[in-house]
Amino acid sequence: MRRVLLLLLAVLVCVQSSAQNLPDLGEVSQAVFSPAMERGLGERIMEQIRADRSYLDDPVITDYLNALGSRLVAASPDTRQLFEFFLIKDLSVNAFALPGGYIGVHTGLITISQTESELAGVLAHEVAHVTQRHIARMLAGQERNSLMTLAAMALGVLAARANSNLGQAIIAGSQAAAIQSQLDYTREHEREADRVGVQILEQAGFDVRGMPSFMERLQRATRQYDTNAPDYLRTHPVTTERIADLQNRTEIHGYKQIPDNRSFQLVRARVRAISEDPRQAVTFFEQGLTERRFLNEAATRYGLALALLGAKDYPRVGRELVLLEKMLPDEPAIAALRGQYLSATGDSGAALTHYAAALKKFPRFRALVYDYAELLIQQNRPDAALKLVEEQRQYTPGDSRLYVLQARSYAAQGKRLLQHQAQAEAYLRQGHLRAAVEQLQIASRTGDGDFYQLSSVEARLRELRGRLKEAEMAKRP
Ligand SMILES: [Zn+2]
């Protein structure tokens, strides 16, 4: 918690010095808090979140969220803004926007949404908060008190998460409510986010009527569980007025039948299968199938197969997979499940062949890449793993998991300098600068690299030490 505050101080120095002689209307938010500063602040908060245990780095779900998100952003008024959508393992219903276009989505929001348009509606509302620069305006509006506001924002975000290790300490404090109130958007911001959100949703080709119906469901849910309102309702209060307003806006659009994206239903089943106890999840999906109570049969079978894999009931996974492959022959998530099943049952030969073929079909599907690389390392084929990781790194240079796999491959080859150098790059991308410096120090002393490798390690070490020093300077009061 203290670390977040200290990191924020660094950002504040620039905020305050640039905020001194500025007018106080309209464009002020742009001037006081530039998009670059907002992004920087967001990145620092993200470093804390990525290290938190509630951060869920599931490649299938995260890639889906980002694909859905980009569709919305492409239809938004500001397509230049960078966005990153990420997943928080938390059963409460919530989504939140951080400075800089980072949008967090609770697993509970995905499971409560019945259609992709409903989920897209909430995301469009958050995208609108970002493109309308509500966060910057909120910060600018509290200029004199900006330290408190910034700190409160970051802490509030962390505190909002039930499974968070940082969050619990904060929630226990008596200031939690005060922090929460400072975090809230104004009514005008809410109205604007709804208005722009509906436009984005419509432009992106979703059923805009998903928004009011979803809000109504949330409101009903609140009445039922009065004391335990979903977080989304606290940060974005749903009033009867807001629902009426949304209905007026969306009525003119009329009814549009939009086939539900299959990926949405698969992802929704996946969220449940991986966040519940496997046995409970098996029962849930089995009941859905026997009572024919489901939104999508293939997705329900996919959830069942995943839960069965978690419960290590391999014969049944195999039977479900045969059905699934008939129902959805071109689905990368099913191909990834087949690979995991083959690996889990010890048929590594078949698994290797399967992954090679599946990656030809779905070359950018991260779940396949990670699992294949993992298996290659296990099967003592680090050279092939390295080749795979190297290819993928061109597309996602910021992906820390690729560097972890690279470090493990080098370790298997006994190349210690390269191993620690790759581990340093992994730590750096996870936001652990000090650990990255330590790895480079180890790398420089292994004595098994050639002249060029050693020079490259030393150059990187100098660079990162400089950054570490800067960060420490900024922390001093
Ligand atoms: Zn809102």
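Cut-offs and rules
Residues numbered from 1 in each chain as written. Predicted model: local features only at pLDDT ≥ 70, side-chain atom pairs only at ≥ 80, totals over all residues. Heavy atoms only, no water. Helix = DSSP H or I, 4+ residues; strand = E, 2+ residues; numbered from the N terminus. Contact = heavy atoms within 4.5 Å. Areas by Shrake-Rupley, 256 points an atom, 1.4 Å probe, with all protein chains shown as cover. pLDDT = per-residue confidence, 0-100. Core = buried A, V, L, I, M, F, W, Y, C linked by side-chain atoms within 4.5 Å. Buried < 20%, exposed > 50% of the residue type's maximum accessible area, 1.4 Å probe, protein only. Salt bridge = Lys/Arg side-chain N within 4 Å of Asp/Glu carboxyl O. Polar contact = N/O pair within 3.5 Å; in protein donor to acceptor, adjacent residues only side chain to side chain.

Quick notes on the overall build of the protein
Move 1: Along the backbone of the protein there are 26 helices and three strands.
Move 2: Partitioning the intrachain contacts of the protein with sequence separation of at least 6 by distance along the chain shows that 65% fall at a separation of at least 24.
Move 3: In the structure as shown, the protein presents an accessible area of about 22,300 Å², 51% of it carried by carbon and sulfur atoms.

Description of the confidence of the model for the protein
Close inspection of predicted coordinates is inappropriate for parts of the model with low pLDDT.
Move 1: Of all residues in the protein, 76% attain a pLDDT of 70 or more, and the chain-wide mean is 81.
Move 2: Across residues 161-181, where pLDDT falls below 50, the model places 37 contacts with residues more than four positions away in sequence or in other chains.

A few points about the nonpolar core
Move 1: One finds Phe-285, Tyr-302, Leu-337, Phe-365, Leu-368, Tyr-372 and Leu-388 to be the most contacted residues of the largest nonpolar core, which totals 49 residues.
Move 2: The next biggest cluster of nonpolar side chains, apart from the first, holds 44 residues, and it includes Leu-56, Val-93, Leu-201 and Phe-206.

With respect to unusual backbone geometry
Move 1: Residue Arg-292 is not a glycine yet carries a positive backbone phi of 50 degrees.
Move 2: Take Arg-292: it is sitting in the loop between helix 16 (278-290) and helix 17 (297-310).
Move 3: Of note in this structure, Lys-312 is not a glycine but carries a positive phi near 60 degrees.
Move 4: Within the element layout of this structure, Lys-312 appears in the loop between helix 17 and helix 18 (314-327).
Move 5: Classification of Lys-312 as exposed rests on a relative accessible area of 59%.

Considerations on the environment of Arg-366
Move 1: For Arg-366, the location among the structural elements is in helix 21 (residues 366-378).
Move 2: Among the residues examined, Arg-366 registers a relative accessible area of 14% and is labelled buried.
Move 3: When the C-alpha positions of Arg-366 and Pro-332 are compared, they lie 9.8 Å apart, and in sequence the two are 34 residues distant.
Move 4: Contacts of Arg-366, omitting those with residues within four sequence positions, involve Asp-57, Pro-59, Thr-62, Asp-63 and Asp-399.

Comments concerning the pattern of salt bridges
Move 1: Summed over all chains, the structure comprises 25 salt bridges.
Move 2: The closest approach of N and O atoms between Asp-330 and Lys-361, which form a salt bridge, is 3.1 Å. A residue pair is termed long-range when its members are at least 10 positions apart, and Asp-330 in the loop between helix 18 and helix 19 (332-344) and Lys-361 in helix 20 (residues 348-361) qualify at 31 residues.
Move 3: Residue classification places Asp-330 among the partly exposed positions, given a relative accessible area of 47%.
Move 4: One network of salt bridges, in which partners are shared, links Glu-425, Arg-429, Arg-460, Glu-463 and Arg-467.

Regarding the side chain of Gln-423
Move 1: As for its position among the elements, Gln-423 is in helix 24 (residues 416-429).
Move 2: On the basis of relative accessible area, Gln-423 is assigned to the buried category, the value being 18%.

Here's the deal with the side chain of Thr-111
Move 1: Note on placement: Thr-111 falls in helix 5 (residues 107-112).
Move 2: A distance of 3.3 Å separates the side chain of Thr-111 from the backbone oxygen of Gly-108, its partner in a polar contact.
Move 3: Leaving out residues up to four positions away in the same chain, Thr-111 has contacts with Arg-268, Val-271 and Arg-272.

Overview of the environment of Leu-72
Move 1: Structurally, Leu-72 is set in helix 4 (residues 59-74).
Move 2: Residue Leu-72 is classed as buried on the basis of its relative accessible area, which comes to 0%.
Move 3: Sequence separation between Leu-72 and Ile-200 is 128 residues; the distance between their C-alpha atoms is 6.2 Å.
Move 4: When neighbours within four sequence positions are excluded, Leu-72 is seen to be in contact with Ala-120, Leu-123, Ala-124, Ile-200, Leu-201, Ala-204 and Phe-206.

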